[in-house]
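Structure at a glance
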Amino acid sequence: MATRPVVDTHLWAHAMVRRYGRQSIAYQALLPGVTLGVYPHLPALVGYVERRHTRIVVGLPMASLDRRGEAITLFEQEAAEAGCRVCYFGVEEEDAELLDNRGRMRLGAQPLWIPSCWVQTLERHPSIRAQIRRARNKGVEVHEWPLERVVGSGALRTCLRDWLSRHALPPMHFLAEPDILAHLYDRRVFVAERAGVPVAFLIATPIPRRKGWLVEQLVRGAGAPNGTSELLLDVLMGVVSDAEVVSLGLTPLTLWGKEGDMEALWLRLVVRWARVHGRRFYNFHGIEAFRARLAPERWENVYAVVNAPQFTPKDLFAILAAFTQEPLSRYLMRALIRAAGWEWRRMWGAIAQLPSFFIYSSRGTGLKQAFCKRPHA
């Protein structure tokens, strides 16, 4: 059954996201490159990309609770007619039961905070307060910018490019699109400035049906002192204090959250390998540690669920293809070259610091004690 046309697809889709968006990633269905499946007669909206004969859906179909099952059935029928499987990516814990008895992969978990409890969190964790003070003592101030100013800001794009240049992985797309400054819709942007120069920014995206906010991006430039990220979050929590929840988004492959959801042995081995060896390309442990230090109220599991009894390697490769938007072999080659260059620059940066280290050590007692220490009698 074909989807019914509407007069202005994106305008209608925007209204649907604002009305029925339950998943933290709901607004990402409106980003460029996402195909919109519209069903005005339900009404329902499905955002997806098609890769390797698989339709990867942004979360779940957006519809009223009593029509979501019908939207899922209709969308899967259309996919089957086109010779495609379906994978729902980013399904959150409270909605996973809607897709029970299907193959799934636990992608990780998202940390959640209750903004009205943030003050108590700061009281219990002086280390967070110390980081916030550190940034303020360095002259960092945070202001919310109007979206018109954000869209035309070259300074924010410079900050974004600097942030991306310090990542070993080439930029990814689909739900990890790096440049969303021109596609903000109802988002709010908080900018950290030092001496009037933007050094970091935070993009907060609505989660309409949960009355919450997703920190979709937390971009920190090289000129941002320690504590800037914590200060941005502190300001956000104060501004949205009446919200029910704030999420920092999916923490991939984290050990936080419930365990025991991955059924296949091959999948457990892949996840274990990625946590051990994937750090050369993606800082799994650093992101996990940063978010854990912020003391979330809870961690909520996030899944990829397929319309089949088992999650297969084919599903995993389809998801990877959605994010890379190019042949996986080419993306991996670019990632290896980029990682090698990144490691090379870091090594030479460390070597450049050695002369000053030896000069400093020779003036003190470090080297003298190491090389001139007499044995005990």
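Residues numbered from 1 in each chain as written. Predicted model: local features only at pLDDT ≥ 70, side-chain atom pairs only at ≥ 80, totals over all residues. Heavy atoms only, no water.

Position of T228 among the secondary structure elements: in helix α7 (residues 228–239). By relative accessible area, which is 0% here, T228 ends up buried. Other than its neighbours up to four places away in sequence, T228 contacts A135, V140, A192 and A200. (Helix = DSSP H or I, 4+ residues; strand = E, 2+ residues; numbered from the N terminus. Buried < 20%, exposed > 50% of the residue type's maximum accessible area, 1.4 Å probe, protein only. Contact = heavy atoms within 4.5 Å.)

Mean pLDDT over the chain stands at 86; residues scoring 70 or higher make up 80%. When pLDDT is averaged over each element of the chain, α7 comes out on top at 98 and helix α13 (residues 366–372) at the bottom at 41. Note that residues 365–377 has pLDDT below 50 and, in this model, seven contacts with residues that lie over four places away or in other chains. (pLDDT = per-residue confidence, 0-100.)

What follows is about the nonpolar core. L45, I56, F89, F174 and F311 are the most contacted members of the largest nonpolar core, which has 40 residues in total. Contact partners of F174, with chain neighbours within four places excluded, come to L31, V49, I56, V58, A322, F323 and Q325. Within the second largest apolar cluster, 29 residues are counted, among which are A192, L233, L236 and A243. (Core = buried A, V, L, I, M, F, W, Y, C linked by side-chain atoms within 4.5 Å.)

What follows is about the environment of S241. As for its position among the elements, S241 is in the loop between α7 and β11 (245–247). When the C-alpha atoms of S241 and W118 are compared, they prove to be 8.5 Å apart, with 123 residues separating the residues in sequence. Not counting chain neighbours up to four residues away, the residues in contact with S241 comprise P115 and S116.

Here the structure, examined in full by the defined rule, presents 15 salt bridges. Of the charged contacts in the structure, one is a salt bridge between D234 and R136, with a shortest N-O distance of 3.4 Å. Note that D234 is positioned in helix α7 and R136 in helix α4 (residues 126–137), a separation of 98 residues in sequence. R136 sits in the partly exposed class, given a relative accessible area of 47%. For the salt bridge of E144 with R188, the shortest nitrogen-to-oxygen distance reads 2.8 Å. Of this pair, E144 sits in strand β7 (residues 140–145) while R188 sits in strand β8 (residues 188–194); the two residues are 44 residues apart in sequence, bridging distant segments of the chain. In this structure R188 comes out as partly exposed when scored by relative accessible area, which is 24%. Residues joined by salt bridges that share partners form a network here, namely R22, R68, E92, E94, D95, R210 and E300. (Salt bridge = Lys/Arg side-chain N within 4 Å of Asp/Glu carboxyl O.)

Turning to the pairing of strand β2 (residues 44–51), a few remarks are in order. Burial analysis of β2 places six of its eight residues in the buried class, which makes it a mostly covered element. If you look at the hairpin formed by strand β1 (residues 35–39) and β2, you'll find four residues sitting between the two strands. Pairing analysis gives two bridges linking β2 to strand β4 (residues 62–63), with the strands arranged antiparallel. Residue A44 lies in a different strand from β4, and its bridge partner there is A63. With four bridges connecting them, β2 and strand β3 (residues 54–58) associate as antiparallel partners. Looking across to β3, one finds that Y48 is bridged to V57. Here β2 hands over to β3 after two residues, with R52 in that stretch at a positive phi of 50°. (Pairing = 2+ DSSP bridges.)

Next up on the list: the packing of aromatic side chains. Here the structure, examined in full by the defined rule, presents three aromatic pairs. Aromatic pair Y48 and F75: ring centres 5.2 Å apart, planes at 65°, arrangement edge-to-face. Of this pair, Y48 sits in strand β2 while F75 sits in helix α2 (residues 68–81), placing them 27 residues apart in sequence. Note that R104 overlies the ring of Y303, its terminal NZ or CZ placed 4.8 Å from the centroid. When the ring centre of W145 is taken as origin, the NZ or CZ atom of R149, which lies over that ring, is 3.6 Å away. (Phe/Tyr/Trp six-rings, centres within 6.5 Å; stacked < 30°, edge-to-face > 60°. Lys NZ or Arg CZ within 6 Å of the ring centre and 35° of its normal.)

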